[in-house]
Amino acid sequence: MNGLQSINIELTSRCNKACEMCGRRKLEKNYPELVDWGHMPIELLLKIAPQIPMGVTVQLHSSGEPLLYPDLKDALTALSGHYVGFNTNAKLLMEKAHLINSLLSSITISVIPDDPEGDEQLEIVKMFLEVPLRPKVVFRLLGNIDAERRLIIAILSEKHDNVEICERILHAPEGSFGYEKKVTIPEMGICLEMLHKLAIDRHGNVYPCVRFDPEKKNLLGNVNSERLEKLWTGAIRKHWIRHHIAGHREKVPLCGTCDFWGVPKS
């Protein structure tokens, strides 16, 4: 699977937070018939894990909160040997700290603008940062975070080892467009995610990226019936890559309405 750098696996599409900027709200409002929140069967995760080449990083999130996954220990154990991380809203951080500290390579805390639970989130993170032997911690600042929270996060990152801050620009809830700042386009002019990434939802559907795609426009196939390597090297993905190389990403179903180029920072 030459070129593959990272895989997102959606352990769960359920979430315990109602963020206004999340595409889930748009789906629930405009496409209620497509809403089907739930967990990936652990049997499916155990089928996928051996197919992932060593050296490929694994991110265990997409549209849900990974710490809600009931079989998290089994999932992390099956992926031992890989660099494994996920994004979280931190609400269950202390409850699952023992698993995070023993089996995870990194954990990213998503910080959103105008969060009514923002103070509570930072208090939980402060407690977690006092726990020894923890993995790498990343504060993921989504959009325009207020100055007070930025200062608190900056102090926390300076106080503790192995803590980083990354800035991310926000897009419209209904898709990867309408960004609040101008997006960065790679010098080669090809989407980096199309070249180096795969994403698997909780049903086993495989896509070239984690962009919001409720209608499955960029579906490559399903790992319940096809091996991951076959989908990576298959005709559909090759066809889409040729369009990207030719400068015609608009000919790829979802890519034509997407402003993202695989570079999340402006």
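Before any of the text, the structure's been laid out above.
This is a predicted model, so every value here is computed, not measured.

1. Topic: the nonpolar core
For soluble globular proteins, the rule of thumb is that nonpolar side chains tend to be buried together. Within the largest apolar cluster, 60 residues are counted, with the highest numbers of intra-cluster contacts made by Ile7, Ile9, Ile52, Leu60, Leu93, Phe139 and Ile200. With near-sequence residues (within four places) excluded, leucine 60 lies in contact with Ile9, Leu11, Pro66, Leu76, Leu79, Val84, Gly85 and Phe86.

2. Focus: the pattern of salt bridges
Here the structure, examined in full by the defined rule, presents 12 salt bridges. With its nearest N and O atoms 3.2 Å apart, the salt bridge here joins aspartate 36 to arginine 202. In this pair, aspartate 36 sits in the loop between helix H1 (23–30) and helix H2 (42–48) while arginine 202 sits in the loop between strand E7 (197–200) and strand E8 (205–207), placing the two residues 166 residues apart along the sequence. Judged by its relative accessible area of 10%, arginine 202 falls in the buried class. Within this structure, Lys17, Lys91, Asp115 and Glu117 form a network of salt bridges that share partners.

3. Remarks on the sheet that holds E7
Here 9 strands make up an open sheet; going across it, the order is E6-E5-E4-E3-E2-E1-E7-E8-E9 and the pairing mixed. Among the strands making up the open sheet, the edge pair consists of strand E6 (163–168) and strand E9 (221–222). In this structure, E7 lies alongside E8, joined through 2 bridges in antiparallel fashion. Bridge assignment links alanine 199 to a residue of E8, and that residue is tyrosine 207. Of the strands in this sheet, strand E4 (106–111), strand E5 (136–142) and E6 are in contact with helix H6 (residues 147–159), which crosses E6 at around 145°.

4. Side note on unusual backbone geometry
Notably, alanine 90 is not glycine yet its phi reads approximately 80°, a positive angle. Examined against the element boundaries, alanine 90 turns out to sit in the loop between strand E3 (84–88) and helix H4 (97–103). Given the relative accessible area of 1%, alanine 90 is considered buried.

5. Looking at the packing of aromatic side chains
In this structure the tally under the stated criterion is 0 aromatic pairs. Lying over the aromatic face of tryptophan 232, arginine 237 brings its terminal NZ or CZ to 3.4 Å of the ring centre. A cation over an aromatic ring shows up here: arginine 249 above the ring of tryptophan 261, its NZ or CZ 3.9 Å from the ring centre.

6. Observations concerning H6
A rise of 1.5 Å per residue sets the reference length of H6, with its 13 residues, at 18 Å; its end C-alpha atoms lie 18 Å apart and thus fit the reference within 8%. Buried residues of H6: Arg149, Ile153, Leu156 and Ser157, and no others. The buried residues of H6 occupy an angular sector of 95° when the element is viewed end-on, so they sit on one face. Opposite its buried face, H6 presents the exposed residues Ala147, Glu148, Leu151, Glu158 and Lys159, each directed more than 90 degrees away. Buried residues in H6 make contact with E4, helix H5 (118–129), E5 and E6.

7. Side note on the packing of H5 against H6
The packing of two helices is summarised by the inter-axis angle and the distance between the axes. Here H5 crosses H6 at 5°, and the two axes come no closer than 12 Å. Taken together, H5 and H6 sit at an angle that is classed as roughly parallel. Across the interface between the two elements, Gly118, Gln121, Leu122, Lys126 and Leu129 from H5 touch Arg149, Ile152, Ile153 and Leu156 from H6. Residues of the contact of H5 with H6, tallied by class, amount to 5 nonpolar, 2 polar and 2 charged.

8. Observations regarding H5
Each α-helix turn comprises 3.6 residues. Residues three or four places apart therefore point the same way. With 12 residues, H5 should cover 16 Å at 1.5 Å per step; its first-to-last C-alpha distance of 17 Å lies within 8% of that length. For H5, every residue scored as buried is listed here: Gly118, Gln121, Leu122, Ile124, Val125, Phe128 and Leu129. Mapping the buried residues of H5 onto a view down its axis gives an arc of 160°, with all of them on the same face. Those residues of H5 hidden inside the fold are in contact with H4, E4, E5, H6 and E6.

Parameters and conventions
- Residues numbered from 1 in each chain as written.
- Predicted model: local features only at pLDDT ≥ 70, side-chain atom pairs only at ≥ 80, totals over all residues.
- Heavy atoms only, no water.
- Core = buried A, V, L, I, M, F, W, Y, C linked by side-chain atoms within 4.5 Å.
- Buried < 20%, exposed > 50% of the residue type's maximum accessible area, 1.4 Å probe, protein only.
- Contact = heavy atoms within 4.5 Å.
- Salt bridge = Lys/Arg side-chain N within 4 Å of Asp/Glu carboxyl O.
- Helix = DSSP H or I, 4+ residues; strand = E, 2+ residues; numbered from the N terminus.
- Pairing = 2+ DSSP bridges.
- Axes fitted to C-alpha atoms, helices over the stretch in contact; angles between N-to-C directions.
- Phe/Tyr/Trp six-rings, centres within 6.5 Å; stacked < 30°, edge-to-face > 60°.
- Lys NZ or Arg CZ within 6 Å of the ring centre and 35° of its normal.
- Expected span 1.5 Å × (residues − 1).
- Arc of directions from axis to C-beta.
- Parallel < 35°, antiparallel > 145°, perpendicular 65-115°, else oblique.
- Nonpolar A, V, L, I, M, F, W, Y, C, P; charged D, E, K, R; others polar.

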